[in-house]
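Commentary on secondary and tertiary structure
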Amino acid sequence: MSTSVPSTPAPSTTTAARTIEHGKRDGFASLSAGRLRADSFPMRLFTKGNAKHWDPASIDFSQDAADFAAMTDDERWQTCALAAQFMAGEESVTQDLQPFVAAMAAEGRLADEMYLTQFLYEEAKHTQAFRLWFDAVGMTGDLHEFIEHNEHYQEIFTRALPESLYALGDDPGPANQVRASVTYNHVVEGTLALTGYFAWHKICAERGILPGMQKVIKHIGDDERRHMAWGTFTCRRHVAADDTLWDVVDGRMQELMVPAMGVVTGTVDRWPDGQAPFGIDLNELAEYAMDKVGRRLGAIESARGADLRTIDSDAEPERLEDRFHAEDQRVLAAAAAS
Ligand SMILES: [Fe+2]
Ligand SMILES: [Fe+2]
């Protein structure tokens, strides 16, 4: 006796023409053949992020409170300045990512839109993690004094970042996306946040202090690597589609390098002869930042003239961040052992 097997309906070829954009939709990406593929770059990041979920409220900061109380006044000031810059930066990126989510919706890229909702949620968690840390070490008063002395910080976080992101509301096209991504992913996240987190993690590991903060930074670093990979992917797909956009990548980077390095040096400007607490080494920080920026830009440049279909699933931006992670792990292990 033969068994009849229901046949899978053939994918409709008419769905590709449907509009997915909010407010204008006459179709759904998830219902359309091939519009929400698990192997696409943003869906892979989304899956990875779900598997790496963490909860800031589960981290124990009691030893951090004891370590903080035992610091000298200068060390406490430097610690608060770093943590306050990170926390205000996380709040800024939480708020300023929203136009990019809408830009992905306008382009009908549901997978990117889904990934960016996770990305946004992670930025909100990063903000929460720092707030919990400040509360745990007893710094519950106003903290603006720790960022207001740094004019470059103000320039990046109150002007360059929001202006380039909110420009997507007027025109979500490729050139504005590239400017927004270079500003957000490659300057704020790649140059400032990841460099700062790495340096701070290394100092804490070397001294064996602030174990709760070390956990926070490890989790944030993991999240930020996916964020960076998405930024590299987004610039790659635009540069592959239109070679003139490489000049937009390069030009925006040049515009922001001076204020970005100013943010880094501004943190230690107050100390005579550059003798910052914890032996923070500015040259080491700058070298770390420039090495990573150069290699990420190289990954974007390598997309010039590439086939767009391969860019959509090419794992190179993830591999690059994994290589950076492996390099950082080796340095941190050596710092903890020293
Ligand atoms: Fe973040
Ligand atoms: Fe981020």
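Just so you know, these numbers come straight off a predicted model, no measurement behind them.

Attention shifts here to the overall build of the chain. Of regular secondary structure, the chain possesses 13 helices and 0 strands. Mapped in sequence order, the helices and strands of the chain form the string α-α-α-α-α-α-α-α-α-α-α-α-α. Against the globule reference of 20 Å for 338 residues, the chain gives a C-alpha radius of gyration of 22 Å, in line with a compact fold. Projected onto its principal axes, the C-alpha coordinates of the chain cover approximately 80 × 55 × 35 Å. Taken across its 338 residues, the chain has 53% of its residues classed as buried. Long-range contacts, defined as pairs at least 24 residues apart, comprise 82% of the intrachain contacts of the chain with a sequence gap of at least 6. Carbon and sulfur atoms make up 53% of the accessible area of the chain, which totals about 15,400 Å².

On to the coordination of the iron ion (ligand 1), then. Looking at the iron ion (ligand 1), the protein donor atoms are Glu-90 (OE), Glu-123 (OE), His-126 (ND1) and Glu-224 (OE), and they sit 2.0 to 2.2 Å from it. With 4 donor atoms in place around the iron ion (ligand 1) and angles of 89 to 149 degrees between them, the coordination shape is irregular. The distance between the iron ion (ligand 1) and the iron ion (ligand 2) is 3.5 Å, with Glu-123 acting as a donor to both metals. Of this pair, His-126 sits in helix α5 (residues 110-136) while Glu-224 sits in helix α9 (residues 211-241), placing them 98 residues apart in sequence. For the residue pair His-126 and Glu-224, the accessibility class agrees, reading buried in each case.

Bringing the coordination of the iron ion (ligand 2) into the picture now. Taken together, Glu-123 (OE), Glu-189 (OE), Glu-224 (OE), Glu-224 (OE) and His-227 (ND1) make up the protein donors of the iron ion (ligand 2), found 1.9 to 2.7 Å from the metal. Counting gaps between the donor residues of the iron ion (ligand 2) yields the pattern E-x65-E-x34-E-x2-H. By relative accessible area, Glu-224 is classed as buried at 2%.

On to the packing of aromatic side chains. Where two aromatic rings form a pair, the distance of their centres and the angle of their planes describe that pair. In this structure the tally under the stated criterion is 14 aromatic pairs. Note that Arg-76 overlies the ring of Phe-68, its terminal NZ or CZ placed 6.0 Å from the centroid. Its guanidinium or amino end placed over the ring of Phe-324, Lys-292 lies 5.2 Å from that ring's centre, counting from NZ or CZ.

Remark: helix α10 (residues 245-266) packs on helix α11 (residues 282-301), axes separated minimally by 12 Å, with the N-to-C direction vectors making an angle of 165 degrees. Considering the angle they form, α10 stands roughly antiparallel to α11. The way α10 lies across α11 gives a crossing that is right-handed. Contacts from Trp-246, Val-249, Met-253, Met-257, Met-261, Val-264 and Thr-265 of α10 reach α11 at Leu-282, Leu-285, Ala-286, Met-290, Val-293, Leu-297, Ile-300 and Glu-301.

Next up on the list: the environment of Leu-165. Residue position: Leu-165 is located in helix α7 (residues 151-170). The exposure class of Leu-165 is buried, given its relative accessible area of 0%. For Leu-165 and Gly-251, which are 86 residues apart along the polypeptide, the C-alpha to C-alpha distance reads 16 Å. Not counting residues within four places of it along the chain, the set of residues in contact with Leu-165 comprises Asp-96, Pro-99, Phe-100, Ala-180 and Tyr-184.

What follows covers the pattern of salt bridges. What the rule picks out here adds up to 30 salt bridges. Here Arg-37 and Asp-312 are joined by a salt bridge, their closest N and O atoms 3.3 Å apart. With Arg-37 in the segment before α1 (41-51) and Asp-312 in the loop between α12 (308-311) and α13 (316-337), the pair connects residues that are 275 residues apart, well separated along the chain. One salt-bridge network, in which partners are shared between bridges, spans Arg-37, Asp-39, Arg-109, Asp-112 and Asp-312.

This next bit is on the nonpolar core. If you look at the biggest cluster of nonpolar residues, it comprises 88 residues, and the most contacted ones within it are Phe-100, Leu-116, Trp-133, Trp-200 and Trp-230. Per-element tally for this core: the top contributor is helix α8 (residues 174-207), with 13 residues.

What follows covers helix α2 (residues 62-69). The set of residues buried in α2 consists of Asp-64, Asp-67 and Phe-68. Each buried residue of α2 sits inside an arc of 100 degrees when the element is viewed along its axis, so together they form one side.

Rules behind the numbers
Residues numbered from 1 in each chain as written. Chains lettered and ligands numbered in written order. Predicted model: local features only at pLDDT ≥ 70, side-chain atom pairs only at ≥ 80, totals over all residues. Heavy atoms only, no water. Helix = DSSP H or I, 4+ residues; strand = E, 2+ residues; numbered from the N terminus. Rg over C-alpha atoms; globule rule 2.2 N^0.38 Å. Buried < 20%, exposed > 50% of the residue type's maximum accessible area, 1.4 Å probe, protein only. Contact = heavy atoms within 4.5 Å. Areas by Shrake-Rupley, 256 points an atom, 1.4 Å probe, with all protein chains shown as cover. Donors = N, O, S within 2.8 Å, 3.2 Å for Na, K, Ca; no water. Tetrahedral: all angles 85-135°; square planar, octahedral: opposite > 155°, others 65-115°. Phe/Tyr/Trp six-rings, centres within 6.5 Å; stacked < 30°, edge-to-face > 60°. Lys NZ or Arg CZ within 6 Å of the ring centre and 35° of its normal. Axes fitted to C-alpha atoms, helices over the stretch in contact; angles between N-to-C directions. Parallel < 35°, antiparallel > 145°, perpendicular 65-115°, else oblique. Left-handed = near helix turned anticlockwise from the far one by under 90°. Salt bridge = Lys/Arg side-chain N within 4 Å of Asp/Glu carboxyl O. Core = buried A, V, L, I, M, F, W, Y, C linked by side-chain atoms within 4.5 Å. Arc of directions from axis to C-beta.

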